[in-house]
Amino acid sequence: MFPQDRYTPHGYLDNPAHAWKAGPGGVLRSRPAIGLGWHYPSWPHGYNYVWHYRAFLQLGFSLGKGPLLLEQDDFERANLKLYSDYHSKNWLSYVFETPEGLHVRAIYYLAEAYRDGGDALGCLVQIRNRSEVSQQGRLVAALDYTRNLGQGLDWANGLYARLNGGGLSVAAFQEGTALHLRADKLLASRWFEGNSLEGLPAWVAQAQAEAERSSSKVAFAPGEEGSAESGPTDPKTVRKVGAVEWDFECEAGGETTLMLTVARDASEWRARRRTERLLADEAGPLYEALSRGKAEDDAFWATAPKLSGDWPEEVRRGLVYDFETLRMMVRRPTGIYKYPWDAMQIQVPRTVLAEAALDMLILSYADPQMAKAVLLGTFADAPEPNVPCSREDGSYNMVAVDGSPCGTAPEWCFPFHCIELVYRRTADQGWLAQLYPYLEAFMEFWQRNRTDALGRSFYKCSWEAGQDNSARFAITDDPSGGGALGEHLWPVDLQAAMAQSCWLLAAWGHELGLPPERVERWNVLGGQHAALMAQMWQPGSNWFHDFDRRSGAFTNVIDTMQLAPLLCRVARPDQIAALQAQLENPPKHGQVFHPLMWPSVVFCLVEACSEAGRPDLAARHGWAALERVYRWLDSNPVSTEADRGGLPGVGREYWPQVGLSLADPPRGGGGAEVYGWGCLGAYLLLRYVVGLQEERPSGPGQVAFALRPNLPAVLLVPGKIYRVGSLPCQNALVDITYEVMHNGSLATQVSLANPARPEASPQLRNFTLANGETVRLNFQL
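Residues numbered from 1 in each chain as written. Predicted model: local features only at pLDDT ≥ 70, side-chain atom pairs only at ≥ 80, totals over all residues. Heavy atoms only, no water.

K.L.:
Which parts of the structure should I look at to understand the overall build of the chain?
P.N.:
Assigned secondary structure in the chain consists of 18 helices and 29 strands. For 781 residues, the compact-globule estimate of 2.2 N^0.38 gives 28 Å, and the chain sits close to it at 28 Å. Dimensions along the principal axes, computed over C-alpha positions, put the chain at roughly 90 × 60 × 45 Å. The buried share of the chain, taken over its 781 residues, is 62%. Within the chain, counting contacts between residues at least 6 apart in sequence, those at least 24 apart form 67% of the total. (Helix = DSSP H or I, 4+ residues; strand = E, 2+ residues; numbered from the N terminus. Rg over C-alpha atoms; globule rule 2.2 N^0.38 Å. Buried < 20%, exposed > 50% of the residue type's maximum accessible area, 1.4 Å probe, protein only. Contact = heavy atoms within 4.5 Å.)

Okay, here's the thing in structure tokens:
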């Protein structure tokens, strides 16, 4: 079951129809207070900031003789806490409760996600009266449509609103997308037309005053727009708001419901017909779509990890935000992609190896089967062996200035390292065998096309590094933003990743029983890259330095990513010892950014700590990042506009919160919304704080892992209990419970269940661990 809770009332719904070249269906984003709608084809702050229109369904409530609750400020003035009790990619609810005993819930969902491509929203409004007296009120439903004229390939030159056939239409003319709102109850005869939402409170107040003077309902002419419009000032941007209302009465102990739907289409007539189909058979299609989304959520969360006990609320909910964001990253097969594919970020989706690898490593902690399918497809569907960054129509997104199609390098998010961790998590040798030829072809490309005669590896451009125009490249004039040639730099992190990737190919080939000469070739190449890596260590500075071929000298740049030799296990013990201070207090990334600001860089840092024998530091850095980021994700800011902080409730491109620890809640921002690697907090929590780390099983049916808890001091309170349930590991589901004892040790229970045999009793182990201590466990399924 989906873990219901008190989530932030902000988020996205997944629109499976949204890609970019093969159908930009638009993203579905919430708006304060109880609003949700389309940004078409994308917004806010993806890449290129392109949008043709924004269209929202906004709800407002007038309870008793109270004012209209429409904007977030209205709820704050009324001292009503607005929250979401259900926050998945399929449902986004809004909930508030009044002192008089009314419990109001509105559930938004995509009504046609499974049929016609994300062109209809459903919204179920449920009002329960928990008091002992009957209560009355009004529900206002507004269509708020803003359009950039001239952006779309149509002849739109304005917007209009009107009642039409039992519903409300707000549409573009002469030509352009039309919206139609209908409900499963009769439409009220009173309606509003304006250029913003500001006129609505006065319109509702007028109705309240009229109702007090007359016991009968009166139909009014269209309401005034209001005296203080706040519509767009850009002459190319137009806005139109249409609204209708319903009176309701809820008996003591009773409940009333209203099912709303908004459809968009190429014309008003087509949008109206779409809503009529959805409302057929007592809104049966709408309830069917609602139930289908809930069933899909429940199936996912039946075997996904959930936190309970005394975890901080924002951490408990943060794990849910992360996994739901990652679920949205997985797009359905389309165009050149025959497998499910990773969008990287939802605004302008594309396939990028680095993000796909890291996203699926994190998702493997909840849905390992999907993670493996996406990783296999990332290579199998790639147009060329280096997995160029591409769109679903086969176009390339990253092309260097010399015309070379580029994909991300073996060092950016360390895809081979991610694949090794997913392999350990799943012990699926058949999957690895399918993937192996593509991995060999990928490394053959890098050996042939990105390695010089001396065996030194380079990036074609800084885009390939993932570190666009970093100071490491010393490129001062690159109007492309990262496409300028970077072949002059011999980078530390790439050289280390080449060695690691070759060695992993050798290890995997051996496990798969491949011919020894095929395996040994990769071992030899790995050793050659490691030998070159040793030349990059500069004893005078106790650091691995990049080498600039133009000057024939090592650079003086110090960057977090240059800790990669530790991650890749090509650093000597004396070098690891010399780097301890840098692991404790890592340098900035790109000489600019806090080392815990970019999730991709955080991944390099914590993995370097772990592989260097410092899991305590991996946990410390991980907790410092995730605790601040989760507080932001779980917050309810005044503004969610992209330029003023953006939206909580979804993973973000980067984490400014970690450098702003005094802000409460931490400040927002963070680049593109709904960005997969921004969900790294789930990985940091489960692998390094909870401490479950998979090991290779010794035989068939074995489940093997190490448990190394590293709870931060703030959680080590005697009597507190921390549980993680349903954590997938090698065909089993693991439950872990820690209880903090008075001496600081952890009374630990591990329960392992076999999902293939749900009737079998779980296997239990009970023991006591010191925080930071390691125990290795083996089970037989």
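K.L.:
Sorry, what's going on with the environment of Leu716 here?
P.N.:
As for its position among the elements, Leu716 is in the loop between strand E24 (702-707) and strand E25 (721-729). With 30 residues separating them in the primary sequence, Leu716 and Leu746 have C-alpha atoms 8.9 Å apart. Not counting residues within four places of it along the chain, the set of residues in contact with Leu716 comprises Leu711, Val740, Gly744, Leu746 and Asn771.

K.L.:
I'm lost on helix H5 (residues 313-329) in this one. Help?
P.N.:
Three- or four-residue spacings in an α-helix give side chains the same orientation, since the helix completes a turn every 3.6 residues. With 17 residues, H5 ought to run about 24 Å at 1.5 Å a step, and its terminal C-alpha atoms sit 25 Å apart, in line with that. Counting buried residues along H5, 15 of its 17 residues qualify, which places the element largely inside the surrounding structure. (Expected span 1.5 Å × (residues − 1).)

K.L.:
How do you make sense of the sheet that holds E25 when you look at a structure like this?
P.N.:
Note: strands within a sheet are paired through backbone hydrogen bonds, in either parallel or antiparallel orientation. Within the open sheet, the 5 strands sit side by side as E15-E25-E26-E27-E28. Their pairing is antiparallel. Each having just a single partner strand, strand E15 (306-309) and strand E28 (763-769) make up the two edges of the open sheet. Strand-to-strand twist of the sheet, defined as the mean angle between neighbouring strand axes without regard to direction, takes the value 15°. Examined bridge by bridge, strand E27 (residues 746-753) and E28 share 7 bridges and lie antiparallel to one another. Residue pairing across strands places Ser751 opposite Leu764, the latter belonging to E28. (Pairing = 2+ DSSP bridges. Axes fitted to C-alpha atoms, helices over the stretch in contact; angles between N-to-C directions.)

K.L.:
Sorry if this is basic, but what is going on with the packing of H5 against helix H17 (residues 615-633) here?
P.N.:
Two numbers describe a pair of packed helices, the interaxial angle and the distance between the axes. Packing of H5 against H17 leaves a shortest axis separation of 9 Å and a crossing angle of 85°. Taken together, the axes of H5 and H17 lie roughly perpendicular to each other. Residues Glu314, Val315, Gly318, Leu319, Tyr321 and Asp322 of H5 form the contact with H17, whose own contacting residues are Trp623, Leu626, Glu627, Tyr630, Arg631 and Leu633. Taken together, the residues of the contact of H5 with H17 sort by class into 7 nonpolar, 1 polar and 4 charged. (Parallel < 35°, antiparallel > 145°, perpendicular 65-115°, else oblique. Nonpolar A, V, L, I, M, F, W, Y, C, P; charged D, E, K, R; others polar.)

K.L.:
Even after reading the chapter, I still don't get the pattern of salt bridges, so can you show me in this structure?
P.N.:
Two side chains bearing opposite charge may form a pair once their charged atoms approach each other closely. One pass over the full model with this rule turns up 56 salt bridges. Here Asp546 makes a salt bridge to Arg472, at a shortest N to O gap of 2.8 Å. With Asp546 in the loop between strand E20 (543-544) and strand E21 (547-548) and Arg472 in the loop between helix H10 (462-465) and strand E18 (489-490), the pair connects residues that are 74 residues apart, well separated along the chain. The exposure class of Asp546 is buried, given its relative accessible area of 0%. Given the relative accessible area of 3%, Arg472 is considered buried. We note a salt bridge from Arg620 to Glu584, for which the minimum N-O separation is 3.2 Å. A residue pair is termed long-range when its members are at least 10 positions apart, and Arg620 in helix H17 and Glu584 in helix H15 (residues 580-584) qualify at 36 residues. The network of salt bridges with shared partners includes Asp14, Lys89, Glu296, Asp297, Glu324, Arg327 and Arg331. (Salt bridge = Lys/Arg side-chain N within 4 Å of Asp/Glu carboxyl O.)

K.L.:
How should I be thinking about helix H6 (residues 353-363) in this particular structure?
P.N.:
For H6, the buried fraction is high: 11 of the 11 residues fall into the buried class. Where H6 is concerned, the buried positions are Leu353, Ala354, Glu355, Ala356, Ala357, Leu358, Asp359, Met360, Leu361, Ile362 and Leu363.

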